[in-house]
Amino acid sequence: MLPSTFDYVAPTSLDEAVQALAAGAGDAKIMAGGQSLLPMMKLRLASPATIIDLNGIAGLDTLEESDGMLRIGALVRHADLERSELIAERYPIIHDAAQRVADPLIRNRGTFCGSLAHGDPAGDWATVALTLGAELHAVGPNGAVVHSALDFQTSMFETQLGMDQILVEARIPVPKAGQGSAYLKIERKVGDYAAAAVGVMIVLDGATITEASIGLTNVGPLTIHAAAAAASLVGKSIDAAAAIEEAGRLAMEASQPSSDLRGAEEYKKDLVRVLTKRAVRKAGARAQGKEA
Amino acid sequence: MSDKVIVTTTVNGEEREATVEPRTLLVQMIRESLHLTGTHIGCDTTSCGTCTVLLDGRPVKSCTILAVQANGRDVLTVEGLEGADGLSPVQEGFQEEHGLHCGYCTPGMMMTVTALLEENPHPSEDEIRKAISGNLCRCTGYVNIIKAVHYAARKREGAAA
């Protein structure tokens, strides 16, 4: 299958890319990994007049900590995160998700930021970014713009990213003392979207949860921020079974799945409940150094 | 609009040039312009992995990359596996252990496995299964494919010794 015809632009600087995007007047698309965009173009679900390929721009593959933030550049591939020792040591939720995004071949090409910009509620990285409170740094004709991962998606496949903006980097606060995190995903087979997946980040002071954040994947029209479930954990002990049970129930209440080939609505809701409980416990064990 | 572009790639160690439309997929350029038909098109929807080639050493789905994006890069296809002294250890493993039935997935499977063994010369069964989880085989049930990879790992070790 061939995509529709398009003009191909390969800028070598961000300035050029921003100009090309503006010149595209709403009918140009940015391509990083292309692992969602190209299939959509082949199926003619998308037929942009211009493709602006970021792959020739140097400096967009930054993956490092600086000034209290983990920086993930626009050309950092899923596989880069999967293989990173820094990620494996300090960001277990990213390490978990990196092994479960799509399949190993797609992971060699697709990017973290591209997944966010794609705005798919089935995307694993949107949940991870939301759970970790990422700042999404974009650039447009009027300069730099910062979006929050918490409310980045506005509707299915729509985000706050302006048509003239390029998502350049995600910045994630470095872990605090006592922080633990986890991402648990149920998929029918490798490469499928999640039937449901849950991301959890907690901070412990001793056994007491002082901070919590929970995100849900593919169980609603948007990536879901299960704020009430997270808030219910604060002040509770990580060993309090009833508190974790309640967080699971509240996360389930926040989910809005629909029945499809991946399962019935009731099944998916229960997945959210169970995965939330497991992810909270796993994040807790990691925060206490009991589990990698 | 969408004027043709000249793409220069190193394919199997040899510099090759093709004139393609920007919308031409890498797999189409490989098969139709360079006439290397060992790389197969299976699902054509980024699912099956039979079109796998190595782009700068990493296995990728050539149906989901534009040919123009391979400009100036290094591409290895199944035709490039065989060395001066015959089949590569991976090819030999698939032959000796009968790691195929219909053979349609085999080129992609061998490319993924070739990259795996470069990175991890002694993969466990679990690591092999994970590595080939983006390459679908609908005949074998994967058992003989895994044997083929173990064979290739042993063969490579023997060759290196």
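Described below are features of the structure shown in this document. Bear in mind that the values here come from a model prediction, so they are computed numbers and not experimental data. Residue positions are given per chain, counting from 1 as you read along its sequence in written order. Here chains are named by letter from A upward and ligands by number from 1 upward, in the order in which they appear as written. Only residues with pLDDT of 70 or above have their local features reported here, since the model is predicted, and side-chain atom pairs are shown and tallied only from 80 upward, although totals for entire chains, interfaces and linings are computed over all residues. Side-chain numbers come from the whole structure's heavy atoms, not from hydrogens or water.

1. Observations concerning the overall build of chain A
Next up, step 1: A tally of regular secondary structure across chain A gives eleven helices and 14 strands.
Next up, step 2: Its C-alpha atoms put chain A at 60 × 45 × 30 Å along the principal axes.
Next up, step 3: By the burial criterion, 54% of the 292 residues in chain A qualify as buried.
Next up, step 4: Taking the intrachain contacts of chain A between residues at least 6 apart in sequence as the baseline, contacts between residues at least 24 apart amount to 64%.
Next up, step 5: Positive residues here are Lys and Arg, negative ones are Asp and Glu, while His and the chain termini are left out of the count. Positions of charges follow a simple convention, taking NZ of Lys, CZ of Arg, CG of Asp or CD of Glu. Averaged over its 27 positive side-chain charges, chain A has a centre that lies 7 Å from the centre of its 35 negative ones. Secondary structure follows DSSP: runs of H or I at least 4 residues long count as helices, runs of E at least 2 residues long count as strands, and numbering of each begins at the N terminus. Exposure categories follow from relative accessible area, calculated using a 1.4 Å probe and restricted to protein chains: below 20% of the type maximum is buried, above 50% is exposed, and the middle band is partly exposed. A contact between two residues is defined here by any heavy atoms of the two lying within 4.5 Å.

2. Considerations on the nonpolar core
Next up, step 1: Residues enter a nonpolar core if they are buried and are Ala, Val, Leu, Ile, Met, Phe, Trp, Tyr or Cys, with the set joined through side-chain atoms within 4.5 Å. Core analysis: the biggest nonpolar cluster contains 50 residues, and A:I72, A:L81, A:I94, A:F112, A:L116, A:W125 and A:I172 have the highest contact counts within it.
Next up, step 2: Broken down by secondary-structure element, the contributors of at least two residues to this core are α1 (14-23), β5 (69-73), α5 (92-98), α7 (112-118), α8 (124-131), β6 (135-140), β10 (166-173) and β12 (194-205) of chain A.
Next up, step 3: At five residues, β10(A) tops the list of elements feeding residues into this core.
Next up, step 4: Apart from residues no more than four positions distant in its own chain, A:I172 is found in contact with A:G68, A:M69, A:L70, A:I72, A:Y91, A:I94, A:F112, A:L132 and A:A134.
Next up, step 5: Ranked by size, the runner-up nonpolar core spans 30 residues in total, among them A:M31, B:V11, B:L36 and B:V68.

3. Some points on the sheet that holds strand β2 (residues 28-31) of chain A
Residues and elements named next belong to chain A.
Next up, step 1: What makes two strands pair is DSSP finding at least two bridges between them. The three strands lie next to each other as β1-β3-β2, forming an open sheet whose pairing is parallel. Edge strands, defined here as strands with exactly one partner in the open sheet, are β1 (7-9) and β2. In this sheet, neighbouring strand axes are inclined to one another by 25 degrees on average, regardless of whether the strands run parallel or antiparallel.
Next up, step 2: Pairing of β1 with strand β3 (residues 50-53) involves three bridges; the strand directions are parallel. Residue pairing for β3: Y8 is matched across the bridge by I51.
Next up, step 3: Note on method: axes are straight lines fitted to C-alpha atoms, helices fitted across the in-contact stretch only, with angles between N-to-C directions ranging 0 to 180 degrees. Sitting on the sheet, α1 is in contact with β1, β2 and β3, with an inclination near 170 degrees to β3.

4. Digging into the interface of chain B and chain A
Next up, step 1: Counting residues at the interface gives 33 residues for chain B and 29 residues for chain A.
Next up, step 2: Accessible-area loss on putting two parts together, using a 1.4 Å probe and summing over both, is the definition of buried area adopted here. Area buried by chain B at its contact with chain A is led by B:R23, B:R58 and B:Q69, which between them contribute 26% of it.
Next up, step 3: Here a salt bridge means any side-chain nitrogen of Lys or Arg lying within 4 Å of a carboxyl oxygen belonging to Asp or Glu. Across the chain B-chain A interface, the total number found is four salt bridges.
Next up, step 4: For this analysis, a polar contact is any N or O atom pair within 3.5 Å, provided that within protein one partner can donate a hydrogen and the other can accept it, and provided that sequence-adjacent residues contribute only side-chain to side-chain pairs. Seen at the junction of chain B and chain A, the total is ten residue pairs in polar contact (both at pLDDT 80 or more).
Next up, step 5: Elements with a minimum of two residues in the side of chain B that touches chain A: β3 (52-55), β4 (58-61), α3 (106-119) and α4 (125-131) of chain B.

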